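Notes for the structure review
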Amino acid sequence: MGNSALRAHVETAQKTGVFQLKDRGLTEFPADLQKLTSNLRTIDLSNNKIESLPPLLIGKFTLLKSLSLNNNKLTVLPDEICNLKKLETLSLNNNHLRELPSTFGQLSALKTLSLSGNQLGALPLQLCSLRHLDVVDLSKNQIRSIPDTVGELQVIELNLNQNQISQISVKISCCPRLKILRLEENCLELSMLPQSILSDSQICLLAVEGNLFEIKKLRELEGYDKQK
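Named according to an unreviewed UniProt entry, the protein is Leucine-rich repeat-containing protein 57 originating from Piliocolobus tephrosceles.

Take a look at the structure:
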């Protein structure tokens, strides 16, 4: 992609606050964006080949509300991404991320987090610190179990489809705002599904097709009738 084309995008973004450059084969986060650290509210660099984010630059977008880097080649996120105090939407689907920065809980404005199709081996505990988080998509990762700390999650919707989950803590029933829980295509036996999800939780949509039990067996459990 030529410099003049990139310059044109930068000039447009200066006026609109939106920088979108998808499907361009970019291998690096554009350094030219350092001119726009105080302008941009939206960055979308999806469908490129970006392998890393520049630590010294990424944390300077103080007004950024939405960051999308779906379908890239990211393996780690720099700690500096956690300086984006106004960030509300973060989309990082289909990268190679194994974990989140330890300071991820500092993204205090975050409402929507999409991490589908990465290599996460566990539910990131940092998510429990995010009080405004509404929707989390962790589908298509390598998560095997859901720990007790899940009870502190504030999310309304949690998507854990297509992982390798065989154990779920009963504490998932304690999530104060959780309404939608997606657990399709995991490794769950019916005995491993806490019955309190049905009888004693806020959850009104439970999706569990494609596990190691027949749905009709679930329907026989007490409390199932409250599921939509």
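**Examining the overall build of the protein**
Across its full length, the protein holds four helices and eleven strands. The principal-axis extent of the C-alpha atoms belonging to the protein is close to 65 × 30 × 30 Å. Expressed as a percentage of the 228 residues in the protein, the buried residues total 48%. Residue pairs at least 24 apart in sequence account for 36% of intrachain contacts in the protein once pairs closer than 6 positions are excluded. In the structure as shown, the protein presents an accessible area of about 11,000 Å², 45% of it carried by carbon and sulfur atoms. Here the protein contributes 26 positively and 24 negatively charged side chains, and the mean placements of these two sets differ by 6 Å.

**Quick look at the sheet that holds strand 5 (residues 112-114)**
The nine strands lie next to each other as 1-2-3-4-5-6-8-10-11, forming an open sheet whose pairing is parallel. In this open sheet, the two edge strands, each paired with only one partner strand, are strand 1 (18-20) and strand 11 (205-207). Within this sheet the neighbouring strands show an average axis-to-axis angle of 5 degrees, counted without direction. In terms of strand pairing, strand 2 (residues 42-44) meets strand 3 (residues 66-68) through three bridges, oriented parallel. Looking at strand 3, one finds that Thr-42 is bridged to Ser-66.

**Brief notes about the state of the cysteines**
Using the criterion set out here, one finds zero disulfides in the structure. The thiol of Cys-204 is unpaired, and the distance to the nearest cysteine sulfur, on Cys-175, comes to 13 Å. Accessibility expressed as a relative area gives 24% for Cys-204, which makes it partly exposed.

**Things to note about the UniProt feature "domain: Disease resistance R13L4/SHOC-2-like LRR" (unreviewed entry) in the protein**
Using the residue numbers shown here, the UniProt feature "domain: Disease resistance R13L4/SHOC-2-like LRR" (unreviewed entry) corresponds to residues 58-116. Structurally, residues 58-116 is divided into 2% helix and 15% strand, and its ends, taken at the C-alpha atoms, are 22 Å apart.

**Brief notes about helix 1 (residues 3-16)**
Along its 14 residues, helix 1 runs 20 Å from first to last C-alpha, staying within 8% of the 20 Å computed at 1.5 Å per residue. Those residues of helix 1 not exposed but buried are Leu-6, Val-10 and Ala-13. End-on, the buried residues of helix 1 take up no more than an arc of 65 degrees, which puts them together on one face. Facing away from the buried side of helix 1 by more than 90 degrees, the exposed set consists of Ser-4 and Lys-15. Tucked into the core, helix 1 has its buried residues touching strand 1. Just downstream of helix 1, Gly-17 is the residue with a positive phi angle, here 80 degrees.

Reading guide: rules and limits
- Residues numbered from 1 in each chain as written.
- Predicted model: local features only at pLDDT ≥ 70, side-chain atom pairs only at ≥ 80, totals over all residues.
- Heavy atoms only, no water.
- Helix = DSSP H or I, 4+ residues; strand = E, 2+ residues; numbered from the N terminus.
- Buried < 20%, exposed > 50% of the residue type's maximum accessible area, 1.4 Å probe, protein only.
- Contact = heavy atoms within 4.5 Å.
- Areas by Shrake-Rupley, 256 points an atom, 1.4 Å probe, with all protein chains shown as cover.
- Lys, Arg positive; Asp, Glu negative; His and termini not counted.
- Charge placed at Lys NZ, Arg CZ, Asp CG, Glu CD.
- Pairing = 2+ DSSP bridges.
- Axes fitted to C-alpha atoms, helices over the stretch in contact; angles between N-to-C directions.
- Disulfide = S-S within 2.5 Å.
- UniProt positions renumbered as here; feature names shortened; annotations may be inferred.
- Expected span 1.5 Å × (residues − 1).
- Arc of directions from axis to C-beta.

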